[in-house]
Amino acid sequence: MSTYFHPKKYAAEDFASLAPSADALPVVIVGAGPVGMGVAMGLAQRGIPVTILEAADQVSFGSRAICVSRHSLEVAERLGFGAELEDIVLPWVGGRSYYRDQEVLHFRMASADHDARGPMVNVSQSEFEQIMTDKLLAHPLVNFHWSSSIAGIATGDDEVTLTVDTAFGTRELRAAWVVAADGGRSKMRELSGIRLQGNSYEGNYVIADIHWESELPAERLVWFDAPSNPGSTIIMHRQPRDIWRIDYQLDASDDPEAETQEDRIRDRITRHLEWLQSDIPWTLEWFGFYRAHALALEDFTHGRVLFAGDAAHLVPIFGVRGLNSGMEDAETLVWQLASVINGASDTAILDAYSTERRSAWQQNVDNAGKSTLIMSPGSHGHRTTRDAVLELATTRGEFAHLINPRQSSATHAHLSPLTWPTTPGTQGVLPGDPLEDRIVAVSAGGSETSLNRLRGTGFGVLAFGLSAELASELAAQADVLARALAPETVRVITVGGADATVDDASGDLAAALGARVGEIFVIRPDGLVLCRISDPAQLGDVAKHLTAGTAPTHFDAAVSVTAAAVGDDARREHVWLALSNALDQAEPADREGMLVRLAMILGSQASTADFDSAVGSASR
C-alpha cells in the first residue's frame, strides 16, 4: 500500500476589497511556498499581522525539494515548526557515486559530536509546506487566502495596491509592504517588469517519486553512464516511508515531451531497478521535469515590494541549495523588515537584505555551478573533462573530490553593510559568518542544551570570561540594546567568568570560535555573527548602526566560508576548469593537437618516471 503524501485541499473563502479609508495592511505575502510561509511565521512571531495570497488551493504536490540542511532545521526551530518537522524526516550523512558499475566516490558531510543536528535530512517539500501551513492557519495574526492570484500591482511611496483574482471576483488590497515569494515563474516579477539575469545550463532531468520497499540505505546514490541507462546520469534518494526520489538525465537527442510520458518513465525506472537486481514491486507516485538555472535579480528590493526565494533567484539543484537558500532569505528578511515596521530601523536596512542575499546566491552558484558541470556538462570541453575525471577516479582516487556534490552549507554575509570589521589577523568565526548551533552544558545544573536554544529567536550576546563588574555592565548595556530593538529580544549568554551561563571548562567553545577572554560576539536573529567587540559599552554603537542600517565600516573583500578546494585539490580543480575552457575555445579540428602540445609542455617539466607513470594512468 502506498504511503505517498497527498496534501489537503482548501476551499476558497471570499474577502472584501480594502476600503479606501482603511489603513493599508502591514504586510501581504504573495506565494505560500516555504519562503513565503517562513516570512509569515517570523513576522507573526514578532506580532505583525500578515496576509498570504496563494493562487493554488493546496501546498505543492510532489517531492520537488527533498534535502533539508542542518541550518534550515535551525531556521525551522526558530520559526516555530522545527519539532514537527524533525518528527517526520529521514537523516543521512553522505553518499556514493559510481562510474558505470564501479564506485568512484564515497563522501560524508561534516559532522561532530558537538553538533546539535546531523548534516542533512530528507523529507518532501509537500510535507514541509503542509507543516508550515497547519501552523499558520492556527495563528490569529495570519489571514490565508487560497485560490487568489495576482492580476495587477500599483506601487506608491507609502503602499502597494494589489489587484487579486479570486473565485468570487476581483478584489483590491493595499499593503505597506509586499513580499513576492511566488516562485520561479513569479507573476509579481512579471508585473513589476523585471527579469532574472544569469545562465541556464544544458541538460534536462526527469524527476520521479516511487514507493519501493527497498533496504538500500539513506544516502545519495549517483550513477554516471549507468549500465541500466547508458549515457545517462541517475540520482537516487531515499525519503521517509519507503518513498524514493529518482532523477535521471535525458540525452541531448531525446525529445523531452516524449520522455516525460508515463510509459517512458516507467521503462527507465524498471531497467534501473532490475539492474540493481531488485524484484520488489514499486509504484510510480509523481513525476516532473527540470533544467538547471543560475539566475537572479540585480536587486531584491523594489520600493515596497521585496523579492525572496525563487522569485528573486534560481540556483542549480545539485547540492540542494534551492529550498535551503530560500529559508535563509526568509529568516534574514523577517528580522530586517520587522525592524522597519516596528520603527527600530531605517528602511536602509532592507538594502542590506538585498546585498546579503544576492551575495549568498553568488556563493551558492559558485559551488552549485561546479556540481552542475559534473552532473550535467553543457559543452564539449566540460563533457570531455568530466568523462576523463570519472575514468581517472576509478584508479586514481585523488580525482574523486571533483565529483563531490558540494552539499549546501550556510552562507555568509561578509559583504553586508551591517557587518562590522575586525582587527586584521583575527582568528575563528568572523563577523558575517554563520554561527553553528553547538551542544553546550548549562552551568547551573549541568544539563545540556544548544546555543540556538539559549539565544532564542532574537539577538544573542555571547561573552567570554568577563569579570563580575563587566558582566554587570554587559547586562545593563544589553537592556539598552533590547529597548532600542524592541520588540526583538536580546539574550546574554556568558561563557566562563562570573555567573557563567555555559560551562566551558575545557575551553572547546572558546577555541572553536577563536574567542579571547573579555570578547563579546553579537549574533543576529538569523544566526550570523554581526560583530566581535571587547567593551560592553559598544552595544550602544550596535544599536545606533542597526537603526541606521549600517556598520562602522564594511569589508571591501572577504574569503568565502563555503567549502573551497585547497592545496592539491585546488590545483586539480583549476586544471579541470581551465582544460574544459581550453577545449571549448580550441578549433574542433585542433583539439587533439592542442592536447598533445599541452602534454609535451607539461611533460617536459616532469621527471621521466613521473611522465611515464602519468601516461600509463591516462591510457585506457
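If you're wondering where the values come from, they're calculated on a predicted model, not measured in any experiment.

**Quick look at the nonpolar core**
Here is step 1 of the chain: Counting 97 residues, the largest nonpolar core has Phe81 and Leu162 as the members making the most contacts within it.
Here is step 2 of the chain: With nine residues, helix α8 (residues 322-341) is the largest single contributor of residues to this core.
Here is step 3 of the chain: Judged by nonpolar contacts, the second largest core, of 38 residues, contains Tyr4, Val365, Ile374 and Ala393.

**Looking at helix α2 (residues 70-79)**
Here is step 1 of the chain: Of all ten residues in α2, eight are buried; the element is thus mostly enclosed.
Here is step 2 of the chain: The set of residues buried in α2 consists of His71, Ser72, Leu73, Glu74, Val75, Ala76, Arg78 and Leu79.
Here is step 3 of the chain: Lining the buried residues of α2 we find α1 (34-45), β3 (67-69), α3 (82-86), β7 (120-122), α8 and α11 (451-455).
Here is step 4 of the chain: Looking at the residues trailing α2, positive phi occurs at glycine 80, about 105 degrees.

**A closer look at the pattern of salt bridges**
Here is step 1 of the chain: In the structure shown here, the tally under the stated rule is 43 salt bridges.
Here is step 2 of the chain: Its salt-bridge partner being arginine 96, residue glutamate 219 comes within 3.1 Å of it at the nearest N-O pair. A residue pair is termed long-range when its members are at least 10 positions apart, and glutamate 219 in the loop between β12 (197-212) and β13 (220-224) and arginine 96 in strand β5 (residues 94-99) qualify at 123 residues.
Here is step 3 of the chain: When its relative accessible area of 12% is taken as the criterion, glutamate 219 is described as buried.
Here is step 4 of the chain: Between aspartate 590 and arginine 597 there is a salt bridge, and its shortest N-O distance comes to 2.8 Å.
Here is step 5 of the chain: A relative accessible area of 30% means that aspartate 590 is categorised as partly exposed.
Here is step 6 of the chain: Residue arginine 597 is classed as partly exposed on the basis of its relative accessible area of 43%.
Here is step 7 of the chain: Linked by salt bridges that have partners in common, Asp254, Glu259, Arg264, Asp267, Arg268 and Arg271 make up one network.

**Quick look at the environment of valine 104**
Here is step 1 of the chain: You can see valine 104 is positioned in strand β6 (residues 102-108).
Here is step 2 of the chain: You can call valine 104 buried: its relative accessible area is 6%.
Here is step 3 of the chain: Sequence separation of valine 104 and alanine 393 is 289 residues, and the distance between their C-alpha atoms is 5.5 Å.
Here is step 4 of the chain: Those residues within four positions of valine 104 in sequence are excluded, and the remaining contacts are Ser97, Tyr98, Tyr99, Leu390, Ala393, Thr394, Ala400 and Ile403.

**Here we look at helix α15 (residues 567-585)**
Here is step 1 of the chain: When the terminal C-alpha atoms of α15 are compared, their 27 Å separation across 19 residues agrees well with the 27 Å that a helix rising 1.5 Å per residue should span.
Here is step 2 of the chain: Three or more residues of α15 are buried, namely Arg572, Glu573, Trp576, Ser580 and Leu583. Along α15, the residues classed as buried sweep out an arc of 105 degrees about the axis, all on the same side. Away from its buried face, by an angle of more than 90 degrees, α15 presents the exposed residues Arg571, His574 and Gln585.

**Here's the deal with the sheet that holds β7**
Here is step 1 of the chain: Reading across the sheet, the three strands line up as β3-β7-β4 and stay open at both edges, with antiparallel pairing between neighbours. The sheet terminates laterally at β3 and β4 (90-92), the two strands that pair on one side only. Pairs of neighbouring strands in the sheet enclose a mean axial angle of 35 degrees, with direction left out of account.
Here is step 2 of the chain: One ladder, built from three bridges, connects β3 with β7; its direction is antiparallel. Its bridge partner lying in β7, cysteine 67 is registered against asparagine 122.

**Quick notes on unusual backbone geometry**
Here is step 1 of the chain: Across the junction of alanine 486 and proline 487, the peptide omega takes the value 5 degrees, indicating a cis bond.
Here is step 2 of the chain: Looking at the element boundaries, proline 487 is found in the loop between α12 (468-485) and β23 (490-495).
Here is step 3 of the chain: Although it is not a glycine, arginine 241 adopts a positive phi angle of roughly 60 degrees.
Here is step 4 of the chain: Judged by its relative accessible area of 34%, arginine 241 falls in the partly exposed class.

**Remarks on the environment of serine 416**
Here is step 1 of the chain: Tracing the chain through its elements places serine 416 in the loop between α10 (380-393) and β20 (439-442).
Here is step 2 of the chain: Classification of serine 416 as buried rests on a relative accessible area of 1%.
Here is step 3 of the chain: A polar contact is formed between the side chain of serine 416 and the side chain of glutamate 356, at a distance of 2.6 Å.

**Some thoughts on the packing of aromatic side chains**
Here is step 1 of the chain: Tallied over the entire structure, the rule returns eleven aromatic pairs.
Here is step 2 of the chain: On the numbers, 5.8 Å between centres and 85 degrees between planes, the contact of tyrosine 4 with phenylalanine 61 is edge-to-face. Taken together, the positions of tyrosine 4 in the segment before β1 (25-30) and phenylalanine 61 in the loop between β2 (50-53) and β3 put the pair 57 residues apart, joining distant regions of the chain.
Here is step 3 of the chain: A relative accessible area of 10% means that tyrosine 4 is categorised as buried.
Here is step 4 of the chain: Under the relative-accessibility criterion, phenylalanine 61 is labelled partly exposed at 24%.
Here is step 5 of the chain: Seen in terms of ring centroids, phenylalanine 81 and phenylalanine 128 are 5.5 Å apart; in terms of plane orientation they differ by 90 degrees. Their pairing is edge-to-face. Here phenylalanine 81, found in the loop between α2 and α3, pairs with phenylalanine 128, found in helix α4 (residues 125-137); they are 47 residues apart in sequence, far enough to count as distant.
Here is step 6 of the chain: By relative accessible area, which is 0% here, phenylalanine 128 ends up buried.
Here is step 7 of the chain: Counting every residue linked through ring pairs, the aromatic cluster contains Tyr10, Phe144 and Trp146.
Here is step 8 of the chain: Positioned above the aromatic ring of tryptophan 177 is the side chain of arginine 304, whose terminal nitrogen or guanidinium carbon lies 4.3 Å from the ring centre.

**Here's the deal with the pairing of β20**
Here is step 1 of the chain: One ladder, built from three bridges, connects β20 with strand β21 (residues 448-450); its direction is antiparallel. In the strand pairing of β21, alanine 441 is matched with glutamate 448.
Here is step 2 of the chain: Strand direction decides the pairing type here: β20 and strand β24 (residues 502-503), joined by two bridges, are antiparallel. Bridged to valine 442 within β24 is valine 502.

Definitions and cut-offs
Residues numbered from 1 in each chain as written. Predicted model: local features only at pLDDT ≥ 70, side-chain atom pairs only at ≥ 80, totals over all residues. Heavy atoms only, no water. Core = buried A, V, L, I, M, F, W, Y, C linked by side-chain atoms within 4.5 Å. Buried < 20%, exposed > 50% of the residue type's maximum accessible area, 1.4 Å probe, protein only. Helix = DSSP H or I, 4+ residues; strand = E, 2+ residues; numbered from the N terminus. Contact = heavy atoms within 4.5 Å. Salt bridge = Lys/Arg side-chain N within 4 Å of Asp/Glu carboxyl O. Expected span 1.5 Å × (residues − 1). Arc of directions from axis to C-beta. Pairing = 2+ DSSP bridges. Axes fitted to C-alpha atoms, helices over the stretch in contact; angles between N-to-C directions. Polar contact = N/O pair within 3.5 Å; in protein donor to acceptor, adjacent residues only side chain to side chain. Phe/Tyr/Trp six-rings, centres within 6.5 Å; stacked < 30°, edge-to-face > 60°. Lys NZ or Arg CZ within 6 Å of the ring centre and 35° of its normal.

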